[in-house]
Amino acid sequence: MSDLLERLRGRGWRLTSQRRVVAEVLDGEHVHLTADEVHARAAQRLPEISRATVYNTLGELVGLGEVLEVATDGRAKRYDPNAHHAHQHLVCSGCGAIRDVHPQGDPLAALPAAERFGFVLSGAEITYRGLCPDCTAGPVR
């Protein structure tokens, strides 16, 4: 059983067949799918699942804190099931691919006290940008 499914069961979340298939689609490392991608993959397993059900389920998972909603550069939101492990994102400026990264050190400590303007810090979201190997390779001739 996936980590996400185990967490949802532990919370007593009612796992209908539709909810289960959405959670199964989100299972894995470096998963950052759009809602439409989740729907397409879920429909392969459960053809009768509606787009509305997928959107509603993703909204519930985000609301529960079990899935992160990741927005980058005006592209479609992506959904990350890696909600309980501290990490940052590496985003390809070309194709939009996203990878989880785990830099060393505390990102909160990197902001000097003079730059905090009296804020009590509770978190940091850092996005690294660049080009993935597929985009740097260029078109095949």
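Here goes a summary of the coordinates provided.

Parameters and conventions
- Residues numbered from 1 in each chain as written.
- Predicted model: local features only at pLDDT ≥ 70, side-chain atom pairs only at ≥ 80, totals over all residues.
- Heavy atoms only, no water.
- Disulfide = S-S within 2.5 Å.
- Core = buried A, V, L, I, M, F, W, Y, C linked by side-chain atoms within 4.5 Å.
- Buried < 20%, exposed > 50% of the residue type's maximum accessible area, 1.4 Å probe, protein only.
- Helix = DSSP H or I, 4+ residues; strand = E, 2+ residues; numbered from the N terminus.
- Contact = heavy atoms within 4.5 Å.
- Salt bridge = Lys/Arg side-chain N within 4 Å of Asp/Glu carboxyl O.
- Pairing = 2+ DSSP bridges.
- Axes fitted to C-alpha atoms, helices over the stretch in contact; angles between N-to-C directions.

**Topic: the state of the cysteines**
In step 1: Counted according to the given criterion, the structure contains 0 disulfides.
In step 2: In this model C132 remains outside any disulfide bridge; the closest cysteine sulfur is found in C92, 3.7 Å from its own.
In step 3: In this model C135 remains outside any disulfide bridge; the closest cysteine sulfur is found in C92, 3.6 Å from its own.

**Observations concerning the nonpolar core**
In step 1: Counting residues in hydrophobic clusters, the biggest one holds 21 residues, and the most contacted among them are V22, L26, V38, I49, L58 and L61.
In step 2: When contributions to this core are tallied by element, the ones reaching two or more residues are α1 (3-10), α2 (17-25), α3 (35-45) and α4 (51-64).
In step 3: Top element by residues in this core is α2. It accounts for 4 residues.
In step 4: Setting aside anything within four residues of it in sequence, one finds L26 in contact with L4, V31, V38, L58, L61, V67, Y79 and P81.

**As for the pattern of salt bridges**
In step 1: In total, this model carries 9 salt bridges according to the counting rule given.
In step 2: Of the charged contacts, one joins R7 and D3 as a salt bridge, the two residues approaching to 2.7 Å between their closest N and O atoms. Residue R7 and its partner D3 are located together in helix α1, separated by 4 residues, close to a single helical turn.
In step 3: On the basis of relative accessible area, R7 is assigned to the buried category, the value being 15%.
In step 4: The exposure class of D3 is partly exposed, given its relative accessible area of 40%.
In step 5: In this structure, E24 and R20 form a salt bridge, with 3.6 Å as the shortest nitrogen-oxygen distance. Of the two residues, E24 and R20 both sit in helix α2, 4 residues apart, roughly one turn of that helix.
In step 6: Using a relative accessible area of 29% as the deciding quantity, one classes E24 as partly exposed.
In step 7: Three or more residues are tied together by salt bridges with common partners; here these are D3, R7, R11 and E66.

**Section: the sheet that holds strand β4 (residues 88-92)**
In step 1: On the basis of which strands lie adjacent, the open sheet formed by 3 strands has the order β5-β4-β6 and mixed pairing. The sheet is open, and its two edges are formed by β5 (98-101) and β6 (127-130), each paired on a single side. On average, adjacent strands in this sheet sit at an angle of 25° to one another, irrespective of strand direction.

Purely geometric numbers; function is a separate question.
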